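If you want the building blocks of each chain, they are given just below.
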Protein chains: 2
Amino acid sequence: MATITSVSPLAPAGFPDLPVIDGVAFASGEAGVKYAGRKDVCLITLAPGSSVAGTFTKSATRSANVLDCQRKLGGDSSAGAAFFINSGNSNAFTGRAGEGSVQAISAAISAATGLPEDRVFTSSTGVIGERLPHEKITAKIGDLVAGLDANGIEGAAQAIRTTDTFAKASARTLEVGGKSVKIAGIAKGSGMIAPDMATMLVYIFTDAKVSQPLLQQILSELTDVTFNCITVDSDTSTSDTLLLGATGTSGVEITESRGPFRDALEAVMLELAHLVVKDGEGATKFVEVQITGAVNDADAKTHGLAIANSPLVKTAVAGEDANWGRVVMAIGKSGAAADRDLLSIRFGDIIVAEKGWVAESYSEDAGAAYMKQDHLVIGVDLGLGDGKATVWTCDLTHGYISINADYRS
Amino acid sequence: MATITSVSPLAPAGFPDLPVIDGVAFASGEAGVKYAGRKDVCLITLAPGSSVAGTFTKSATRSANVLDCQRKLGGDSSAGAAFFINSGNSNAFTGRAGEGSVQAISAAISAATGLPEDRVFTSSTGVIGERLPHEKITAKIGDLVAGLDANGIEGAAQAIRTTDTFAKASARTLEVGGKSVKIAGIAKGSGMIAPDMATMLVYIFTDAKVSQPLLQQILSELTDVTFNCITVDSDTSTSDTLLLGATGTSGVEITESRGPFRDALEAVMLELAHLVVKDGEGATKFVEVQITGAVNDADAKTHGLAIANSPLVKTAVAGEDANWGRVVMAIGKSGAAADRDLLSIRFGDIIVAEKGWVAESYSEDAGAAYMKQDHLVIGVDLGLGDGKATVWTCDLTHGYISINADYRS
């Protein structure tokens, strides 16, 4: 397995202070799923009445765990819920055996906690195509249940790391009708999970009371403008999972999809999404691609992702090269509507090209100086309509090749 | 500009012997478009009566030259035709000035050769977004016309190189009704064209007599299964151009779209397409992705390109890692139909996975030994239908990053 020895240069200074979410408890431990001597299992329980929403990879080859979570969403929430995560083995592409492993883990957690099996949501991350040795996991469930701790969220954020170079978390507290509502979340990704692919796992908790259908609606809408707008290398894991649990323990009920709760949740999701990009394999630059003037928002997102996924754009960013020609190329190939002679491009506040040609005011020195920053904005206006989108990515460096080619399983 | 000092390890042993195509003449020279002291212009003339077909980039931001060639195709062929190519400047994203440059070059060639302007087809490759100094080019047209030579095809193949690490050519000769028909072609790509993107330019000549509509039909159909089935990095140039000229000088007329002429042309196009991949930036492995059992051919091509464009698959190949999990991932994300539990995957003749799980007969040692070869086959059977497609690509290496990020304009 690759040994990641240095923390991403884009990592924040440290792990943030996170509020305790009343009704949520965390435990982590070592089950030896693939390697000995490292934490590889994590259990999180949510109080009775907690509603659970989720969004998942759209992969046609998604794992047994993902399919199982999708099936369980929306069920009776009176008893509470549990989230379980293991690393070391993704339980993906394991045929029917994969479903058996999910069932065995769910049954063991049900037996140890009293929760119905249908309220146990599991995630697995790691090697593909090998049977998950779930008996190593079920043997540890008792220890995990005994170790559950309301203050354990930082430990959980550490436990779900695989080769992430730093633990990722975000939180917001808001006031609603004079009462405090808390939101806290943790994420892993996109450091390599030897020997396979980056998987993104995200778990967010709030003490707001939100009905499951409304919680799902808000989460799905926000996923489209946060986690579905980031890309490291255009590849999609078979295991990507985002679960959101709302305990209701604050006594504050949210009944509208718009408003301060949604805004605070969006801020948490966006910060976690950005942290995933900032830990992208080999990343040295964080890039925000802002598209405006597209025919519609969907076209804008298509253009944004074409730029963010272009190897030639990403290597230009790595090389601190203000290569706007590659941006033009990416727009041209995206398949969405564009008119060469209406395009404008800027790097930060520097206008590079206007109406299909290099701007008179543009100087290559100014462009080159801008590209030395580690947070960059590439702005494109299509000049066609009101469609807009923002996506985020990182550069493509020798570090990416080293992680994914030089080190082998 | 990047200095490419070593020839691709996948290059053929040498430049092939090419037959003279009666009615075609070649000249090349130095116009100093961007750099002094290197050949950067090439003129090719075709005899009166030559029909010309073409296929081009689908980019929405394609260059003035491409738009001009597309407009001119299908016109009166009685006078003959000329192809002109310059490197150093792509004349792309140069606003209305780009059209003026094409017109100026076409007019100069028309004046020097007597051909109508509408029979002059131009290509430009190189930097994007800078005005093409076409006056340097028009000043050299007289010299080029004076140097036209029926034996000049190897010189032309050399002249259209930019940072390709080797000159690319292919030829076939076939017998039709006791008469000989010749086909010969040259290509450039996908070595970097500093400071922008790889552009693929291809020029093919035959002495068969083929009506323009039939020539276009055959060329378009064959492009879909040759040049449109290769990918180096998923990025698309604004200038990609393939022109095919048929002089008719053999006296053999082709009237059917199927048959030996089409087969020979396909062989030339496929060989040129493979040579482009083998000169992919940083390439050390040539990979053929064979998809069978898809719902239809279009789905098969979607799966094939998803695998061939996946950075995680391409880095695994670079690392000689038989990482079939990444192949599963690419199939899952492609958007085309797949059933996890019906998938089979092989590397060469080695069955890796069957019906959604690792094959009992598979050994990691056998997989690892296979991956050391420099020509690899990744085979996937979807188990869903009769759809099939084959695509070709190369690996993703430190060389790609070095060419595109470390060296700068």
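Residues numbered from 1 in each chain as written. Chains lettered and ligands numbered in written order. Predicted model: local features only at pLDDT ≥ 70, side-chain atom pairs only at ≥ 80, totals over all residues. Heavy atoms only, no water.

Under an unreviewed UniProt entry, chain A has the name Arginine biosynthesis bifunctional protein ArgJ and belongs to Cognatishimia maritima. Per its UniProt entry, chain A bears the Function (unreviewed entry) comment "Catalyzes two activities which are involved in the cyclic version of arginine biosynthesis: the synthesis of N-acetylglutamate from glutamate and acetyl-CoA as the acetyl donor, and of ornithine by transacetylation between N(2)-acetylornithine and glutamate." Taken verbatim from the UniProt record of chain A, the Subunit (unreviewed entry) comment is "Heterotetramer of two alpha and two beta chains." (UniProt positions renumbered as here; feature names shortened; annotations may be inferred.)

A. Quick look at the environment of Ile44(A). All names here are of chain A. Relative to the assigned elements, Ile 44 resides in strand β2 (residues 41–46). What makes Ile 44 buried here is its relative accessible area of 0%. The spatial distance from the C-alpha of Ile 44 to the C-alpha of Val 120 is 9.8 Å, given a sequence separation of 76 residues. (Helix = DSSP H or I, 4+ residues; strand = E, 2+ residues; numbered from the N terminus. Buried < 20%, exposed > 50% of the residue type's maximum accessible area, 1.4 Å probe, protein only.)

B. Structural detail: the environment of Ser87(A). Considering the arrangement of structural elements, one finds Ser87(A) in strand β4 (residues 81–89). Distance from Ser87(A) to Gly282(A), taken between C-alpha atoms, is 21 Å for residues 195 residues apart in sequence.

C. Just the domain arrangement of chain A, in detail. All names here are of chain A. As far as domains go, chain A holds domain 1 (24–278) and domain 2 (286–406). Summarising the inter-unit geometry, the C-alpha centres of domain 1 and domain 2 are found 33 Å apart. Counting residues at the interface gives 15 residues for domain 1, matched by 15 residues for domain 2. Where domain 1 meets domain 2, there are 0 salt bridges. There are 6 residue pairs in polar contact (both at pLDDT 80 or more) connecting domain 1 and domain 2. Among the residues making up the side of domain 1 that touches domain 2, the classes are represented as 7 nonpolar, 5 polar and 3 charged. (Domains from an automatic or database assignment. Contact = heavy atoms within 4.5 Å. Salt bridge = Lys/Arg side-chain N within 4 Å of Asp/Glu carboxyl O. Polar contact = N/O pair within 3.5 Å; in protein donor to acceptor, adjacent residues only side chain to side chain. Nonpolar A, V, L, I, M, F, W, Y, C, P; charged D, E, K, R; others polar.)

D. Main features of the pairing of strand β14 (residues 344–347) of chain B. All names here are of chain B. The alternating pattern of β14 places Ile 345 and Phe 347 on a buried face and Ser 344 and Arg 346 on a face that is not buried. Alignment of β14 against strand β17 (residues 375–381), held across 4 bridges, turns out to be antiparallel. Bridge pairing in β17 links Phe 347 to Ile 378. Of the strand pairs in this sheet, β14 and strand β15 (residues 350–354) are connected by 3 bridges, and their pairing is antiparallel. Residue pairing for β15: Phe 347 is matched across the bridge by Ile 350. Here β14 folds back onto β15, and the loop between the two strands holds 2 residues, one of which, Gly 348, carries a positive phi near 60 degrees. (Pairing = 2+ DSSP bridges.)

E. Local environment of the sheet that holds β14(B). Read from one edge of the open sheet, 7 strands run β10-β18-β13-β17-β14-β15-β16 (chain B), paired in mixed fashion. The strands lining the two open edges of the sheet, one partner per strand, are β10 (230–231) and β16 (357–358) of chain B.

F. Representation of the packing of helix α9 (residues 311–318) of chain A against helix α10 (residues 324–333) of chain A within the structure. Residues and elements named next belong to chain A. Between α9 and α10, the shortest axis-to-axis distance is 9 Å and the interhelical angle comes to 160 degrees. Here α9 is positioned roughly antiparallel relative to α10, judged by the angle of their axes. The crossing of α9 and α10 is left-handed. Contacts between α9 and α10 involve Leu 312, Val 313, Thr 315 and Ala 316 on the former and, on the latter, Arg 326, Val 327, Met 329 and Ala 330. Looking at side-chain class alone, the contact of α9 with α10 contains 6 nonpolar, 1 polar and 1 charged residues. (Axes fitted to C-alpha atoms, helices over the stretch in contact; angles between N-to-C directions. Parallel < 35°, antiparallel > 145°, perpendicular 65-115°, else oblique. Left-handed = near helix turned anticlockwise from the far one by under 90°.)

G. Spatial organisation of the UniProt feature "active site" (unreviewed entry) in chain A. In the UniProt entry, the feature "active site" (unreviewed entry) is given for Thr199(A). Looking at the element boundaries, Thr199(A) is found in the loop between β7 (179–188) and β8 (201–206).

H. Geometry of the interface of chain A and chain B. If you look at the interface, chain A gives 64 residues, while chain B gives 63 residues. Applying the counting rule to chain A against chain B returns 4 salt bridges. Among the salt bridges present, the one from Arg96(B) reaches Asp341(A), with a minimum N-O distance of 3.4 Å. Those elements giving two or more residues to the side of chain A that touches chain B turn out to be α1 (64–72), α2 (95–113), α9, α10, β16 (357–358) and α12 (398–406) of chain A. Of the residues assigned to the side of chain A that touches chain B, the class counts are 25 nonpolar, 21 polar and 18 charged.

I. Structural context of the relation of the copies chain A and chain B. For the match of chain A to chain B, the screw axis carries a shift of 0.0 Å, the RMSD comes to 0.0 Å, and the turn is 180 degrees. Such values leave the two copies arranged in the relation of a two-fold axis. Among all C-alpha atoms of chain A, that of His398(A) lies closest to the rotation axis, at 2.9 Å. Mapped onto chain B, 97% of the interface residues of chain A again fall at the interface, so both copies present the same surface. (Least-squares fit on C-alpha atoms with pLDDT ≥ 70 in both.)

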